[in-house]
Amino acid sequence: MAVGRGAFGIPEWMPNAAADFQSKERGLSMENTNEMFLEFDSRSLNEGFVRVAVAAFATQLNPTLEEVADLKTAVSEAVTNAIIHAYGGQAEKIRVNCRVREREMEVEVVDHGVGIRDVPKAMEPMYTTKPELDRSGMGFAFMEAFMDELQVRSEPGVGTTVWMKKKFGCQSGQSDLSGEA
């Protein structure tokens, strides 16, 4: 099956990927959205940096410590999965896209690696394809537990996109991106 590539070499079948992520193309008001992306090598030393960068981006929502911890854990699991499984130990690119809209944050972790043959099986708790690396197989279970929504799209030989959304609680007197309390 031939798969076309859009902006940034992202497969066209990944509808939430970087090319589609830009708010201008989708007609979203810049007044109530904010976006960022990171692209980095698939090296384990980058996982901590990405986790902290995404948490720092979320500070505009004035999250609770628990919300930050949940977000960091889910991002860490998604990035670690891409680092461990996507490229067979080769240093290739992983992209993380973040969007804040009102009181929600969307995070995508995109790789162009080997893909996942059986996504439902891979999402089962305790399932791992790398037991020799002492992997627990709990990454997707943690992502589901700590985020409000999770979608995984993958195609063998093309790559994987993990999309997550977290809704942040609005505390009394706290303003959102539109400046309203």
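It should be noted that the structure appears before, not after, this text.
Throughout this description, residue numbers start from 1 for each chain and increase along the sequence as written. It should be noted that, the model being predicted, local features are given only for residues of pLDDT at least 70 and side-chain atom pairs only at 80 or more, the latter also being counted only at that level, while totals for whole chains, interfaces and linings use all residues. Note that the side-chain values use all heavy atoms of the structure and ignore hydrogens as well as water.

Chemist: Which residues make up the sheet that holds strand β3 (residues 104-111), and what values do they have?
Modeler: Adjacent strands of a sheet form backbone hydrogen bonds with each other and so pair up, either parallel or antiparallel. Pairing between strands requires that DSSP locate at least two bridges from one strand to the other. Think of it this way: any DSSP run of H or I at least four residues long counts as a helix, any run of E at least two long counts as a strand, and we number them from the N terminus. Ordered in space as β1-β2-β3-β5-β4, the 5 strands form an open sheet in which the pairing is antiparallel. Both edges of this open sheet fall to β1 (33-41) and β4 (149-155), since each of them pairs with a single strand only. In this sheet, neighbouring strand axes are inclined to one another by 10° on average, regardless of whether the strands run parallel or antiparallel. For β1 and strand β2 (residues 93-101), the ladder comprises 9 bridges, and the chain directions are antiparallel. In the sheet register, F40 faces β2, and the bridge partner there is I94. Packed onto the sheet, helix α3 (residues 45-58) meets β1, β2 and β3 and runs at close to 175° relative to β1. Axis geometry follows a simple rule: fit a line to the C-alpha atoms, using only the stretch in contact for helices, then measure angles between N-to-C directions, giving values from 0 to 180 degrees. Note on definitions: a residue-residue contact is assigned when non-hydrogen atoms from the two residues lie within 4.5 Å.

Chemist: So what's going on with the packing of α3 against helix α4 (residues 65-86)? Which residues, and what values?
Modeler: Running from N to C, α3 and α4 point in directions that differ by 145°, and their axes come no closer than 9 Å. Between α3 and α4 lies a crossing whose hand is right-handed. Each of E47, V50, R51, V54, A55 and A58 in α3 lies in contact with α4, whose residues at this interface are V68, L71, K72, V75, S76, V79, T80 and I83. Any residue outside Ala, Val, Leu, Ile, Met, Phe, Trp, Tyr, Cys, Pro, Asp, Glu, Lys and Arg is labelled polar, Gly included; the first ten of those are nonpolar and the last four are charged. Of the residues contributing to the contact of α3 with α4, the split by class is 9 nonpolar, 2 polar and 3 charged. Put simply, a crossing is left-handed when the front helix is turned counterclockwise from the back one by less than a right angle, and right-handed when it is turned clockwise.

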